[in-house]
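Inside the fold
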Amino acid sequence: GIQVEQSPPDLILQEGANSTLRCNFSDSVNNLQWFHQNPWGQLINLFYIPSGTKQNGRLSATTVATERYSLLYISSSQTTDSGVYFCAGGGGADGLTFGKGTHLIIQP
Amino acid sequence: SQTIHQWPATLVQPVGSPLSLECTVEGTSNPNLYWYRQAAGRGLQLLFYSVGIGQISSEVPQNLSASRPQDRQFILSSKKLLLSDSGFYLCAWSLSSGNTIYFGEGSWLTVV
């Protein structure tokens, strides 16, 4: 199966700062998703982005499929953005392979 | 719209006891269904997936089993729990291969 690597593993920022999270994957994928895991454990879908660029408010994501990486941008960070961000990729019905996540802490 | 629910939300079970976690999806037919586990401080690991009733694929050999008795019902079971089975279990669904996967609220299992 594919390997998914995320960086950085941990990130501490002040409120208002911008951040870029990276996801590298070892092979081509048909499905690439970004999730935010809140303090209660729930996985919130952020983007389904096997290729291209999408934006949703202060968040945006870009996937360059030919180079096997994806980036998640968070602008003007808020304390509610804290949590773990996961990238996950897959090729079919057999589900997603997850990276180990980026633990983001936004300090007031 | 589609919704996914799993229960119980939390449970504490003694070693050697059985386990049954249930998951149902509403608002769609013939979804792909998944069980994931997240150990403390780690990423998510795919345990089982199913593309139809009675069709179960296992990703990791372990002390757990899964069943799909109805189209939109997915059950995770164990006959005898081990301490290492503790973790956060998440059920998920998708419409078809390559589409967005959506997760349930999760179930926290502590084996004591």
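Below, the structure is looked at part by part. (Residues numbered from 1 in each chain as written. Chains lettered and ligands numbered in written order. Predicted model: local features only at pLDDT ≥ 70, side-chain atom pairs only at ≥ 80, totals over all residues. Heavy atoms only, no water.)

1. Re the overall build of chain B
For chain B, the helix and strand inventory stands at 0 helices and 11 strands. Starting at the N terminus, the α and β elements of chain B follow one another as β-β-β-β-β-β-β-β-β-β-β. Relative to the globule expectation of 13 Å for 112 residues, the C-alpha radius of gyration of chain B, 13 Å, shows essentially globular dimensions. Counting only C-alpha atoms and orienting by the principal axes, one finds that chain B spans roughly 40 × 25 × 20 Å. Residues classed as buried in chain B amount to 49% of the 112 residues present. For chain B, the proportion of contacts with a sequence separation of at least 24, taken over those separated by at least 6, is 54%. Just so you have it, chain B exposes about 5200 Å², and 53% of that area is on carbon and sulfur atoms. (Helix = DSSP H or I, 4+ residues; strand = E, 2+ residues; numbered from the N terminus. Rg over C-alpha atoms; globule rule 2.2 N^0.38 Å. Buried < 20%, exposed > 50% of the residue type's maximum accessible area, 1.4 Å probe, protein only. Contact = heavy atoms within 4.5 Å. Areas by Shrake-Rupley, 256 points an atom, 1.4 Å probe, with all protein chains shown as cover.)

2. What to know about the overall build of chain A
Helix and strand counts for chain A come out as 0 helices and 11 strands. The order of helices and strands in chain A, counted from the N terminus, is β-β-β-β-β-β-β-β-β-β-β. Rg of the C-alpha trace for chain A: 13 Å, near the compact-globule value of 13 Å for 108 residues, within the 12% margin. Along the longest, intermediate and shortest principal axes, the C-alpha atoms of chain A span 40 × 25 × 20 Å. Out of the 108 residues in chain A, the part that is buried amounts to 46%. Across chain A, contacts joining residues at least 24 apart in sequence account for 53% of those joining residues at least 6 apart. Summed over all atoms, the accessible surface of chain A reaches about 5100 Å², with 48% contributed by carbon and sulfur. Each charge class in chain A can be summarised by its mean position, and for the 5 positive and 7 negative side chains these summaries are 3 Å apart. (Lys, Arg positive; Asp, Glu negative; His and termini not counted. Charge placed at Lys NZ, Arg CZ, Asp CG, Glu CD.)

3. Topic: the side chain of Gln13(B)
Residues and elements named next belong to chain B. Along the chain, Gln13 falls in strand S2 (residues 10–13). Among the polar contacts made by the side chain of Gln13, one reaches the side chain of Ser17 at a distance of 3.4 Å. Excluding residues that lie within four positions of it along the chain, Gln13 makes contacts with Pro18, Leu81, Leu109, Thr110, Val111 and Val112. (Polar contact = N/O pair within 3.5 Å; in protein donor to acceptor, adjacent residues only side chain to side chain.)

4. Brief notes about the sheet that holds strand S7 (residues 65–70) of chain B
Two orientations exist for strands paired in a sheet by backbone hydrogen bonds: parallel and antiparallel. All names here are of chain B. Pairing is antiparallel in the open sheet, where 4 strands are placed in the order S1-S3-S8-S7. The strands lining the two open edges of the sheet, one partner per strand, are strand S1 (3–7) and S7. The mean angle between the axes of side-by-side strands here comes to 20 degrees, regardless of whether they run parallel or antiparallel. Where strand S3 (residues 19–26) lies against strand S8 (residues 73–78), 6 bridges are found, and the strand directions are antiparallel. Paired with Glu22 across the two strands is Ile75, which belongs to S8. (Pairing = 2+ DSSP bridges. Axes fitted to C-alpha atoms, helices over the stretch in contact; angles between N-to-C directions.)

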